Amino acid sequence: MTGQSRVQTSFIACNLCEAICGLEIKRVNNSIRSIRGDKLDPMSKGHICAKALALKDIYDDPDRLRLPLKKCAEGWQEIPWKQAFDEAATGLKHIQQRHGNDAVASYLGNPTVHNLEAMLFGPVFFRSLNTSNRFSATSVDQLPEQLASLLMFGHDLMIPLPDLDRTDYHLIFGANPVVSNGSLMTAPGVAKRLKAIRERGGRLVVIDPRRTETAAIADRHLHIRPGSDVYMLLAMLQVVFNEELHSLGRVGSYVDGLENIKNHVREYTPERVAALTGIAAGDVKTLVREFCAAKSASCYGRIGVSTQQYGTLSQWLINVFNIVTGNLDRAGGTMFAAPAVDVLARPRKRKGFADKFSRVRKLPDFNDEFPVATLAEEITTPGEGQIRALVTNAGNPILSTPNGRRLDDAFGKLDFMVSIDFYLNETTRHADIILPPVCALERSHYDLAFQTLAIRNGARFSPVLLTPDKKHRSDKQIFLELAWRMQTNGPVSRVKGWFKKNLRQLLGSEWVIDRQLKKGPYYKSHGLNLKKLRQNPHGIDLGALQPCLPGRLFTVDKMIRLAPGEFLNELLQIRDTMSEEQPLDIDGFDLQLIGRRDPRTNNSWLHNSQRMVKGKPRCVVFIHPKDAVRYGIDDGEEVEVTSRVGSIRIVAKINSDMMPGVVSIPHGWGHQIKGTKLRVARQHAGVNTNILTDDDFLDSVSGNAALNGVPVSVSPVAGSHPS
Ligand SMILES: Nc1nc2c(c(=O)[nH]1)N[C@H]1C(S)=C(S)[C@@H](COP(=O)(O)OP(=O)(O)OC[C@H]3O[C@@H](n4cnc5c(=O)[nH]c(N)nc54)[C@H](O)[C@@H]3O)O[C@H]1N2
Ligand SMILES: Nc1nc2c(c(=O)[nH]1)N[C@H]1C(S)=C(S)[C@@H](COP(=O)(O)OP(=O)(O)OC[C@H]3O[C@@H](n4cnc5c(=O)[nH]c(N)nc54)[C@H](O)[C@@H]3O)O[C@H]1N2
Ligand code: SF4
Ligand SMILES: [Mo]
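Below or above, wherever it landed, is the structure these notes cover. No experiment lies behind these values; they were computed from the predicted model shown.

## Focus on the overall build of the chain
Part 1 of the argument: A tally of regular secondary structure across the chain gives 23 helices and 30 strands.
Part 2 of the argument: Per-residue burial for the chain yields a buried fraction of 60% across its 723 residues.
Part 3 of the argument: Sequence separation of at least 24 residues holds for 74% of the intrachain contacts in the chain that already meet a minimum separation of 6.
Part 4 of the argument: Of the roughly 27600 Å² that the chain leaves accessible, carbon and sulfur atoms contribute 51%.
Part 5 of the argument: Counting 92 positive and 77 negative side-chain charges, the chain places the centres of these two groups 8 Å from one another.

## What to know about the site of ligand 3
Part 1 of the argument: Every residue lining ligand 3 is accounted for by C14, L16, C17, A19, I20, C21, I48, C49, K51, A52 and N181.
Part 2 of the argument: Here the residues of the shell around ligand 3 are counted per class, giving 9 nonpolar, 1 polar and 1 charged.

## Regarding the site of ligand 1
Part 1 of the argument: Around ligand 1, the surrounding shell holds 31 residues, and the nearest of these are Y107, N396, S400, D421 and S604.
Part 2 of the argument: The contact in question runs from an oxygen atom of ligand 1 to an N or O atom on the side chain of Y107, over 2.7 Å.
Part 3 of the argument: In this structure, I420 approaches ligand 1 through a main-chain N or O atom, which is 2.9 Å from a nitrogen atom.
Part 4 of the argument: Per-class residue counts for the shell around ligand 1 are 13 nonpolar, 13 polar and 5 charged.

## Focus on a nonpolar patch on the surface
Part 1 of the argument: Together, L503, L506, L507 and W511 make up a nonpolar patch on the protein surface, roughly 420 Å² of accessible area in all.
Part 2 of the argument: On the secondary structure map, L507 appears in helix α17 (residues 491-519).
Part 3 of the argument: What makes L507 partly exposed here is its relative accessible area of 33%.

## Focus: the pairing of strand β27 (residues 638-643)
Part 1 of the argument: The alternating pattern of β27 places V639, V641 and S643 on a buried face and E638, E640 and T642 on a face that is not buried.
Part 2 of the argument: Summarising the sheet, β27 and strand β28 (residues 647-654) pair through 5 bridges and their orientation is antiparallel. Opposite V641, over in β28, you have I648 as the bridge partner.
Part 3 of the argument: Between β27 and β28, which follow one another and run antiparallel, lie 3 residues.
Part 4 of the argument: Bridging between β27 and strand β30 (residues 710-716) involves 5 bridges; their strand directions are antiparallel.

## Notes on the packing of aromatic side chains
Part 1 of the argument: For the coordinates displayed, the defined rule picks out 12 aromatic pairs.
Part 2 of the argument: Relative to F567, the ring of W316 has its centre 5.3 Å away and its plane inclined at 45 degrees; by these criteria the two rings are tilted. Residue W316 is located in helix α12 (residues 311-324), and its partner F567 is located in helix α20 (residues 565-578); the two are separated by 251 residues in the primary sequence.
Part 3 of the argument: For W316, a relative accessible area of 0% translates into the label buried.
Part 4 of the argument: Here K501 stacks its cationic end above the ring of W484, 4.3 Å away from the centre of that ring.

## Re unusual backbone geometry
Part 1 of the argument: Cis geometry marks the peptide bond from L549 to P550, where omega comes out at 5 degrees.
Part 2 of the argument: Looking at the element boundaries, P550 is found in the loop between β23 (540-544) and β24 (560-561).
Part 3 of the argument: The phi dihedral of K45 falls on the positive side, at around 45 degrees, and the residue is not glycine.
Part 4 of the argument: Counting through the fold element by element, K45 comes out in the loop between β3 (31-37) and α1 (54-60).
Part 5 of the argument: Residue K45 is classed as exposed on the basis of its relative accessible area of 60%.
Part 6 of the argument: Despite not being glycine, A394 shows a phi value in the positive range, around 50 degrees.
Part 7 of the argument: Considering the arrangement of structural elements, one finds A394 in the loop between β17 (389-393) and α14 (397-400).

## Remarks on the nonpolar core
Part 1 of the argument: Within the largest apolar cluster, 69 residues are counted, with the highest numbers of intra-cluster contacts made by L171, F173, M236, W316 and I560.
Part 2 of the argument: No other element matches helix α7 (residues 229-242), which puts 11 residues into this core.
Part 3 of the argument: Those residues in contact with L171 that sit more than four places away from it in its chain are V205, I207, M236, L287, F291, S298, C299 and Y300.
Part 4 of the argument: In this structure, A389, V418, I420 and I433 belong to the second largest nonpolar core, which totals 29 residues.

## Notes on the sheet that holds strand β2 (residues 22-28)
Part 1 of the argument: Here 3 strands make up an open sheet; going across it, the order is β1-β2-β3 and the pairing antiparallel. Among the strands making up the open sheet, the edge pair consists of β1 (7-13) and β3. Going across the sheet, the axis of each strand differs from the next one's by a mean of 25 degrees, ignoring polarity.
Part 2 of the argument: As defined by bridge partners, β2 adjoins β3 across 6 bridges and the pair is classed as antiparallel. If you follow V28 over to β3, its bridge partner there is S31.

## Some thoughts on the pattern of salt bridges
Side chains that carry opposite charge are capable of pairing whenever their charged atoms lie near each other.
Part 1 of the argument: Applying the stated criterion across every chain, the model contains 48 salt bridges.
Part 2 of the argument: Between D41 and R460 there is a salt bridge whose closest N-O contact spans 2.6 Å. On the criterion of sequence distance, the pair formed by D41 in the loop between β3 and α1 and R460 in the loop between β21 (456-459) and β22 (461-462) is long-range, its members being 419 residues apart. Residue D41 shares its accessibility class with R460, and that shared class is buried.
Part 3 of the argument: What you see here is one network of salt bridges that share partners, running through K82, D86, E481, R485 and K501.

About the thresholds
Here the residue index of a chain counts from 1 through its sequence in written order. Key to labels: chains lettered from A, ligands numbered from 1, both in the order written. Local features in this predicted model are restricted to residues whose pLDDT is 70 or higher, and side-chain atom pairs enter the listing and the counts only when it is 80 or higher, whereas totals over whole chains, interfaces and linings include all residues. Hydrogens are left out, water is left out, and the side-chain values use all remaining heavy atoms of the structure. In this text, helices come from DSSP runs of H or I with a minimum length of four residues, and strands from runs of E with a minimum of two, each type numbered from the N-terminal end. The rule is simple: take the accessible area with a 1.4 Å probe, protein chains only, and divide by the maximum for that residue type; under 20% is buried, over 50% is exposed, in between is partly exposed. Any pair of residues with heavy atoms lying within 4.5 Å of one another is described as a contacting pair. Here the open area of atoms and residues is found with the Shrake-Rupley method and a 1.4 Å probe, where only the protein chains shown may cover a residue. For the purpose of charge, His is not counted, nor are the chain termini; Lys and Arg are scored as positive and Asp and Glu as negative. The atom standing in for a charge is NZ when the residue is Lys, CZ when it is Arg, CG when it is Asp and CD when it is Glu. Note on terminology: near, applied to a residue and a molecule or strand, indicates that one of the residue's heavy atoms is within 4 Å of it. In this count, Pro and Cys sit with the nonpolar residues alongside Ala, Val, Leu, Ile, Met, Phe, Trp and Tyr, while Asp, Glu, Lys and Arg are called charged and the others, Gly among them, polar. Distance and chemistry together define a polar contact, namely a pair of N or O atoms within 3.5 Å, with one atom able to donate a hydrogen and the other to accept it when in protein, and with adjacent residues in sequence counting only for side-chain atoms on both sides. Patch criteria: residues need more than 30% relative accessible area and no salt bridge. Like-charged residues are merged within 9 Å; nonpolar side chains of Val, Leu, Ile, Met, Phe, Trp and Tyr are merged within 5 Å. Put simply, a salt bridge is a Lys or Arg side-chain nitrogen that is within 4 Å of an Asp or Glu carboxyl oxygen. The criterion for strand pairing is that DSSP finds at least two bridges linking the strands in question. Pairing of aromatic side chains here covers Phe, Tyr and the six-membered ring of Trp, requires ring centres within 6.5 Å, and sorts the geometry by plane angle: under 30 degrees stacked, over 60 edge-to-face, intermediate tilted. For a ring to carry a charge above it, either NZ of a lysine or CZ of an arginine must fall within 6 Å of the ring centroid while also lying within 35 degrees of the normal to the ring plane. Residues grouped as a nonpolar core are buried Ala, Val, Leu, Ile, Met, Phe, Trp, Tyr and Cys residues, joined through side-chain atoms within 4.5 Å. For helices, the fitted line uses only the C-alpha atoms of the stretch in contact; every axis is such a line through C-alpha atoms, and the angle between N-to-C directions lies from 0 to 180 degrees.

This is the structure:
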């Protein structure tokens, strides 16, 4: 073999999901030969999922954009970078000069947090827009968890993590980690970790309207009516206090509001809520007794409880349940990470919640962002502050946010749009200019977000695997060029800005990470800096999570707030309406729609990789046999699913894992739109379930989208019976 064609082996972390598994990648020059799990990664120990291979497919994908595109009368045209930066900035400035800063909005999609340069340099550009119309995937995702943490522990990123490797009892609400690989808990190889709980004599219980892949490996699964978790949690707390099982453990001396909670839950007996949740009173009592009798126990909830009508109340009560059973901040309970780069150390400037309200629907902001469910009406409702231009980064809100069709129409009405993305898809097709950054294998990475959410402390640096072509641009270059051009001040500050841009360019993300590591908790103890991480390409284990309260609390008086007023008020509201809650039949919509994730796709993308989408179609609606009989639906038949805001046609699969009355459709599909450059994805299009989800159906406290529990009806499409 010549030196030129030698096989080289490199180690990086996969950035596609929160598990951040270590990868061993073999390549010859720029051609990737294999992607395997890195057995020496102390966290993932060789685990990977099928999606890791998509990293190669994205890199090789001829449909992936490498140069900027401009929308012209004749169609899309590749243009030079300088022209693209100039026209993008001029277009945005022009709108702001005529209509004010708020006329330009931004949407940051999920992959933004999986991209170090976007995390570090994106804010430089987005701050330069100086607009209050900021949106992101947070409000179709983890907003409730963050809000609960903010009001209870004083910081939105103080998210309690289940100590999976030591817990004796794990209770899951509305999450399917066996497929999702875990979220708001970085726990690579999570299926193994869950099985290990049972192997060491512990128990795993899942509460979900569908008997999921995770429920299949659990001791127990309970079906719950979508959106009713709040009642279940109230009843669980009622049992804890009624049977005097509470014990605050080591956090007892710095918990505020216990009596308040006791009083508020008193009336929610398991018997009283059983009809609402579908869970028998006896099951609730057994569950609570087992949880309290376990040596240690952890209760965890995710997308199914966050993206629903009572998302914030549910996440709050999950925290309360862990606290009053003595399981917060102790081994085997729920704990906090101590990351090597401490993103919580930055002082918070604002209150963080409801500092301002959106123009049209008066929804509260969270961390300076409004709920994305209000984006469409902010574009289409005339008046001062109306959105006329948009910048998207790494997101496809038309497929990912509620009432996708309305948003699609609204995007069509924008005067100007810029998308930073390497695919021409359903959302970016509305852009006037698309600026594609290099892909994950062409940039270095350190996980700022997910090391903060890891169930074991650790650190890992991923160097650049494949040197990008000189003609291409990184996220850093794109954001800094745009930010500098957005400056409107006089010549002196423009020169200063130019120097700043070039200095940031030169120092880059690696310098920032090195500096932050040196400020972090492991510099003195472990000598942890970037050099050390480079010398340890598989990553460094920094040990199990440690108790850290009350020192780590961010509340002014260093107390945990068990009963924040914002949440109690809402609880009073639902108490008043509870007796009216009926088993569902709202205007003929007598079924409830929930979501489902697919092992080989990632939200709205990876569908352009043949090996991710091949095989039997997975974008189908699951329906319980009883409901199928009720509506005269055969397995494999096309049906029409209708909600208040839209309707779609989709193939039905009869599935007894569903709770009767509940149907499930995965999100992120629906790539049928012409004019997008997604050749593979369009052949395996599927349908967009967010045509059904309702932009008026929100989490009552936070404004997070209620993507689960949506009232729908299902009917057979005449003549589509399978042969
Ligand atoms: N019905 C329903 N809807 C849901 C959900 C649900 O459970 N049910 N889940 C919600 C959740 S949790 C989330 S997080 C959202 C996600 O929804 P979005 O925020 O829309 O995120 P993605 O679909 O992951 O975004 C994919 C886009 O990012 C681009 N991209 C990937 N990497 C990069 C990069 O490094 N830089 C740039 N510039 N672009 C990149 C891809 O090309 C693609 O266009 O969907 C939400 N929508
Ligand atoms: N393969 C793959 N992995 C992914 C993603 C992906 O798209 N594909 N997306 C990533 C992202 S962005 C995220 S945020 C995570 C999410 O990670 P998870 O939260 O684990 O994701 P889901 O599989 O959507 O699990 C949600 C569960 O909630 C249930 N559910 C729905 N409504 C209710 C309800 O009202 N109450 C209860 N108790 N349960 C309910 C659903 O049936 C489902 O099983 O996954 C990440 N990992
Ligand atoms: S589980 Fe997530 S991080 Fe691990 S290989 Fe799969 S996509 Fe990548
Ligand atoms: Mo997400």
